[in-house]
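Spelled out, the chains give:
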Amino acid sequence: MNALPRLKPSREEVPAGENLCNHCTAKCCRYFALPIEKPEDRKGFDYVRWFLLHERASVFIEDDVWYLLVHTTCRHLQPDNRCGIYYTRPQICRDYSTTGCEYEDDWTYEYYYELPEQVAEYIDARFNKPGKPGFRTPRPEAFPVL
């Protein structure tokens with residue numbers, strides 16, 4: 001079985017002086033992440049669960065900092081993965097560097113939550129006392145057999 005061809009060169013294979021963005025799929029323009037307070041109690045984790053009840057949201061932890069990640073594409077990203085407002089782009093975009101960016105496909109987070117059920121399970125495990133009802137809806141009673 002043949003391996004699939006690579007669609008882009010590795011970071012090291014990009015010629016010196018050439019812009020890494022010329023080979024990228026604009027990952028940095030397809031989401032934004034904001035630091036959030038580290039949840040310490042049931043209420044804090046319930047906020048995290050609430051974030052994840054919304055489509056295209058996830059939460060990750062990196063270097064002990066919690067982030068809300070919103071998977072949404074910049075409205076000015078062009079079909080060729082270029083910025084449609086490059087010369088008037090916001091300062092945060094101007095300050096962004098390809099050093100350490102997500103160009104590679106193998107980046108991971110220390111912890112990553114994408115489903116509210118993941119957080120609910122954690123809440124149950126961390127805060128519920130044995131024998132007490134959990135966060136989840138109780139299992140319905142079985143129907144009687146006739």
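Scroll up for the structure.
To keep things clear, this report deals only with the structure shown in the data block. (Residues numbered from 1 in each chain as written. Predicted model: local features only at pLDDT ≥ 70, side-chain atom pairs only at ≥ 80, totals over all residues. Heavy atoms only, no water.)

All right, on to the pattern of salt bridges then. One pass over the full model with this rule turns up four salt bridges. When the shortest N-O distance is used, the salt bridge between E104 and R11 registers 2.7 Å. Of the two residues, E104 is situated in the loop between helix 2 (91–95) and strand 4 (111–113) and R11 in the segment before strand 1 (32–36); the sequence distance between them amounts to 93 residues. A salt bridge links K38 to D64; the nearest nitrogen and oxygen atoms lie 3.6 Å apart. Placement of the pair is K38 in the loop between strand 1 and helix 1 (42–52) and D64 in the loop between strand 2 (57–62) and strand 3 (65–70), with a sequence separation of 26 residues. Among the residues examined, K38 registers a relative accessible area of 40% and is labelled partly exposed. (Salt bridge = Lys/Arg side-chain N within 4 Å of Asp/Glu carboxyl O. Helix = DSSP H or I, 4+ residues; strand = E, 2+ residues; numbered from the N terminus. Buried < 20%, exposed > 50% of the residue type's maximum accessible area, 1.4 Å probe, protein only.)

Moving on, we get to the pairing of strand 2. Working note: regular strand, side chains alternate between the two faces of the sheet. Summarising burial for strand 2: five of the six residues are buried, a large majority. Remark: two residues form the turn of the hairpin made by strand 2 and strand 3, two consecutive strands paired antiparallel; D63 in that turn has positive phi of roughly 55°. As defined by bridge partners, strand 2 adjoins strand 4 across three bridges and the pair is classed as antiparallel. For F60, the partnering residue across the bridge sits in strand 4 and is Y112. (Pairing = 2+ DSSP bridges.)

A general trend in soluble globular proteins is that nonpolar side chains are found buried together. Of all hydrophobic cores here, the largest spans 13 residues; its most connected members are I36, V48, V59, W66, Y113 and V119. Taken together, the elements giving at least two residues each to this core come down to helix 1, strand 2, strand 3 and helix 3 (116–127). Ranked by residues supplied to this core, first place goes to helix 1 with four residues. Setting aside chain neighbours within four positions, we find Y113 in contact with L52, S58, V59, I61, W66, Q118 and V119. Core analysis: the next-biggest nonpolar cluster, separate from the first, contains five residues, L20, C24, C101 and Y103 among them. (Core = buried A, V, L, I, M, F, W, Y, C linked by side-chain atoms within 4.5 Å. Contact = heavy atoms within 4.5 Å.)

Here R89 lies in the loop between strand 3 and helix 2. The exposure class assigned to R89 is buried, which follows from its relative accessible area of 15%. When the C-alpha atoms of R89 and H76 are compared, they prove to be 9.3 Å apart, with 13 residues separating the residues in sequence. Each residue touching R89, except ones within four places of it in the same chain, is listed here: C83 and R94.

The next subject is the sheet that holds strand 1. Spatially, the four strands line up as an open sheet ordered 1-3-2-4, and their pairing is antiparallel. Edge positions in the open sheet fall to strand 1 and strand 4, since each of these has one partner strand only. The average angle at which neighbouring strand axes cross in this sheet is 25°, direction not considered. Across the sheet, helix 1 touches strand 1, strand 2, strand 3 and strand 4, and the angle it forms with strand 2 is around 135°. (Axes fitted to C-alpha atoms, helices over the stretch in contact; angles between N-to-C directions.)

Let us look at a nonpolar patch on the surface. Together, Y47, W50 and L53 give the surface a local cluster of nonpolar side chains, amounting to about 360 Å² of exposed area. Along the chain, W50 falls in helix 1. Since its relative accessible area comes to 47%, W50 is described here as partly exposed. (Patch = residues over 30% accessible without salt bridge, like charges linked within 9 Å, V, L, I, M, F, W, Y side chains within 5 Å. Areas by Shrake-Rupley, 256 points an atom, 1.4 Å probe, with all protein chains shown as cover.)

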